[in-house]
Amino acid sequence: MADITTLLDARYGSNTSTSGDSISEAANLTIKTLLEHKSARHFLPSPLVPVTLEILVAAAQSAATSSNLQTWSVVAVSDPERKDALATLSGDQDFIRQAPLFLIFCADLNRLTRVSQQHQQPAEGLEYIEMFLMASLDAALAAQNAAVAAESLGLGICYVGAVRNRAAELASLLHLPSRVVALFGMAVGKPDLTAGEEVKPRLPLDEVLHREVWDDNAGAQAEHVQAYDQTLDKFNNSQGREGVALWSQRSAQRVSTLERLSGRHVLRDVLRGRDFNLK
């Protein structure tokens, strides 16, 4: 495992300005696991060790949850035919088929609906955006715990937002009940290290970190984005992806039209159809 200074340099694609002594004091295996994260899109056919799923879900349930309401659930899929169908609905990404396990994290207000009925409560709060936001945040926190746990075990993961591309069909495939909707997937398996996947640099720390108050300096932001364009372009070239659009260009294109949302522009209708009557 690389030392933490090397990992920070890889994460930002440049030499870190953090003090070497401070870095050494902060170093531990958890931080190194976090800094080594990279999406795995090539998996070996190796099956997971027994109880891996249960360990990952226990780690997920150890995440913080607002008011202890635990407004999320996860569907674990390992059946090849069902994974194939899920891959088809999720941008036809083949690594979903390769991975021995595909987790679909869901916002789950169904449980609280039934608990409210049991205690003869009106459950008016479940009809507001706040509760759907809470469920989405809870699911994301839980999933990140699972991701870190998986990577600490030597596994690779890849988040899949494309499960929202055809959300209504996916809900039908998984038999999701009322007030449950898939938010994102996570492919889990033994990564194929021969694929050459490396840590992808992120935006400069100074672009995302605001100290005390928001620093709305458009000039500094433009400099940060330009620097990142160059850093990521260099990274893409090193990965054999010459000619890929600069990050700023690709990002602007990604949000330019409804077509770029790949079917996700109808999510409001999907939510209403699944009894998320959000106000």
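Residues numbered from 1 in each chain as written. Predicted model: local features only at pLDDT ≥ 70, side-chain atom pairs only at ≥ 80, totals over all residues. Heavy atoms only, no water.

**Brief notes about the overall build of the chain**
Then, in step 1: The helix and strand tally for the chain stands at 13 helices and 4 strands.
Then, in step 2: Its C-alpha atoms give the chain a radius of gyration of 21 Å, near enough to 19 Å, the size a compact globule of 279 residues would have.
Then, in step 3: Oriented by its inertia axes, the alpha-carbon framework of the chain measures out at about 60 × 45 × 40 Å.
Then, in step 4: Burial statistics for the chain: of 279 residues in total, 36% are counted as buried.
Then, in step 5: For the chain, the exposed area adds up to about 16000 Å²; of that, 52% sits on carbon and sulfur atoms.
Then, in step 6: Charge separation in the chain, taken as the distance between the mean sites of 26 positive and 33 negative side-chain charges, equals 6 Å. (Helix = DSSP H or I, 4+ residues; strand = E, 2+ residues; numbered from the N terminus. Rg over C-alpha atoms; globule rule 2.2 N^0.38 Å. Buried < 20%, exposed > 50% of the residue type's maximum accessible area, 1.4 Å probe, protein only. Areas by Shrake-Rupley, 256 points an atom, 1.4 Å probe, with all protein chains shown as cover. Lys, Arg positive; Asp, Glu negative; His and termini not counted. Charge placed at Lys NZ, Arg CZ, Asp CG, Glu CD.)

**A few points about the packing of aromatic side chains**
Then, in step 1: Inspection of the entire model under this criterion finds 5 aromatic pairs.
Then, in step 2: Between Tyr159 and Phe184, the ring centres sit 5.7 Å apart and the planes meet at 70°, which makes this aromatic pair edge-to-face. Note that Tyr159 is positioned in strand β3 (residues 156-160) and Phe184 in strand β4 (residues 180-189), a separation of 25 residues in sequence. (Phe/Tyr/Trp six-rings, centres within 6.5 Å; stacked < 30°, edge-to-face > 60°.)

**Focus: the pattern of salt bridges**
Then, in step 1: Under the defined criterion, the tally for this structure stands at 7 salt bridges.
Then, in step 2: Here Arg111 makes a salt bridge to Asp108, at a shortest N to O gap of 3.2 Å. (Salt bridge = Lys/Arg side-chain N within 4 Å of Asp/Glu carboxyl O.)

**Quick notes on the sheet that holds β4**
Then, in step 1: Taken in spatial order, the 4 strands make up an open sheet running β1-β2-β4-β3, and their pairing is antiparallel. Each of the sheet's edge strands pairs with one partner strand only, and the pair in question is β1 (72-77) and β3. The mean inter-strand angle of the sheet, taken between neighbouring strand axes irrespective of direction, is 25°.
Then, in step 2: In the packing of helix α4 (residues 52-61) onto the sheet, the strands contacted are β1, β2 (101-108) and β4, and the crossing angle to β1 comes to about 165°. (Pairing = 2+ DSSP bridges. Axes fitted to C-alpha atoms, helices over the stretch in contact; angles between N-to-C directions. Contact = heavy atoms within 4.5 Å.)

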